[in-house]
Amino acid sequence: MDDSFWKGLTFGAVAGSLAIELIRQFFGRVMRRSAEKGEIQRKLIREDIESLASKVMPLLSLAQEYYGKPSHQGKELAQKLKADLQVFANAWNLLDTRIVESRFPTIGNAPLISFRRSLTGLLDRTRPNALDINDPVAVAIFNATAKVQEALSKAKYLAA
Amino acid sequence: MTIPIRKISIAKDFSKVPAGRYAEDGPKSGQIFREQFLAPALESGDSVLVDLDGTEGYGSSFLEEAFGGLIRKQRFGRADLLSRLNFTSAADPSLLVEINQYLDEATAEDSAASDSKKSRS
């Protein structure tokens with residue numbers, strides 16, 4: 001075999017291993033970028049979940065303030081509670097859509113609906129006195145609040 | 001033959017601040033909405049599309065009385081409502097689930113009441 005055959009073979013081997021190295025580096029970069037992107041996405045979702053969770057206690061406080069006095073003294077509070085709950089529900093739905101798009105398990109809207117139903121159960125009904133702490137409506141409010149917080153904590157854990 | 005669709009926007013046609021269950025709770029209650037808007041539209045035989053967007057929020061008592069009351073008080077059947085009554089809310093789709101819960105609960109309540117009536121007679 002002549003010299004040019006060996007030169008060609010050597011060149012081919014060098015070019016081949018160079019190409020393999022370039023492909024390896026390229027895919028390595030793509031994988032790293034994808035992992036970084038995934039981590040940023042998870043971090044943003046966790047932050048959004050935290051932000052939504054931080055609105056739960058103010059809603060509970062508002063409900064406690066409303067139910068803590070006779071209904072005729074709380075008309076503005078009742079309206080604010082409904083409006084704030086609407087904003088909360090809207091944020092919940094948007095967040096859940098993003099969670100599902102990011103391939104995490106849905107939070108679902110059952111905890112949200114129970115929360116809204118319990119908080120607004122006696123809204124706008126004439127009530128001459130403050131609601132008793134042991135009233136079933138008050139108990140339902142606390143239970144539903146705990147469930148909403150639990151659902152958001154679980155979603156945050158799953159997005160970690 | 002297609003059934004005409006009547007659209008009702010709660011915010012535009014009724015009130016931006018719907019509130020209360022019964023008429024004595026105020027003029028923008030669920031009972032008044034049901035009796036003056038929802039039931040007449042359904043009684044005309046049309047399909048009804050209720051737009052829930054644009055208000056400043058809902059209390060569950062308004063929603064329950066307006067929609068659950070169609071079964072409990074106005075004697076509409078669940079199957080009829082399923083085929084002719086639709087809702088829309090771009091802002092909060094969970095409201096649609098909640099209303100369907102009220103319709104299901106009213107249906108269950110209604111059939112439990114008629115079962116106990118039958119067993120008494």
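Just so we're clear, the structure is a prediction, and the values are computed from it rather than from any experiment.

## Details of the pattern of salt bridges
Next, step 1: On inspection of all chains with the given rule, the structure shows 21 salt bridges over all chains.
Next, step 2: In this structure, the salt-bridge partner of Glu-98 of chain B is Arg-116 of chain A, at a minimum N-O distance of 2.7 Å. Of this pair, Glu-98 of chain B sits in helix α5 (residues 94-120) while Arg-116 of chain A sits in helix α4 (residues 110-119), placing the two residues on different chains.
Next, step 3: A relative accessible area of 0% places Glu-98 of chain B in the buried class.

## Quick word on the packing of aromatic side chains
Residues and elements named next belong to chain B.
Next, step 1: Counted under the stated rule, the structure contains twelve aromatic pairs over all chains.
Next, step 2: For the ring pair Phe-67 and Phe-87, a centre distance of 5.2 Å and an interplane angle of 90 degrees mean the geometry is edge-to-face. Residue Phe-67 is found in helix α3 (residues 60-72), and its partner Phe-87 is found in strand β3 (residues 85-88); the two are separated by 20 residues along the sequence. The same class applies to Phe-67 as to Phe-87, namely buried.
Next, step 3: Ring pairing ties together the aromatic residues Phe-14, Phe-33, Phe-37, Tyr-58, Phe-62, Phe-67 and Phe-87, which thus form one cluster.

## What about the interface of chain A and chain B?
Next, step 1: Residue-level contacts link 18 residues of chain A with 24 residues of chain B.
Next, step 2: Both sides together, the interface formed by chain A and chain B hides about 1,700 Å², and carbon and sulfur atoms give 40% of it.
Next, step 3: The three residues of chain A that bury the most area against chain B are Gln-86, Arg-116 and Arg-117 of chain A, which together make up 32% of that side's buried surface.
Next, step 4: Here chain A is connected to chain B by four salt bridges.
Next, step 5: For Arg-117 of chain A, the salt bridge is made with Glu-105 of chain B, and the minimal N-O distance between the two is 2.9 Å.
Next, step 6: There are 18 residue pairs in polar contact (both at pLDDT 80 or more) connecting chain A and chain B.
Next, step 7: Among the elements of the structure, α3 (75-101) and α4 of chain A are those that each provide at least two residues to the side of chain A that touches chain B.
Next, step 8: For the side of chain A that touches chain B, the class distribution of residues is five nonpolar, eight polar and five charged.

Analysis parameters
- Residues numbered from 1 in each chain as written.
- Chains lettered and ligands numbered in written order.
- Predicted model: local features only at pLDDT ≥ 70, side-chain atom pairs only at ≥ 80, totals over all residues.
- Heavy atoms only, no water.
- Salt bridge = Lys/Arg side-chain N within 4 Å of Asp/Glu carboxyl O.
- Helix = DSSP H or I, 4+ residues; strand = E, 2+ residues; numbered from the N terminus.
- Buried < 20%, exposed > 50% of the residue type's maximum accessible area, 1.4 Å probe, protein only.
- Phe/Tyr/Trp six-rings, centres within 6.5 Å; stacked < 30°, edge-to-face > 60°.
- Contact = heavy atoms within 4.5 Å.
- Buried area = accessible area lost by both parts, 1.4 Å probe.
- Polar contact = N/O pair within 3.5 Å; in protein donor to acceptor, adjacent residues only side chain to side chain.
- Nonpolar A, V, L, I, M, F, W, Y, C, P; charged D, E, K, R; others polar.

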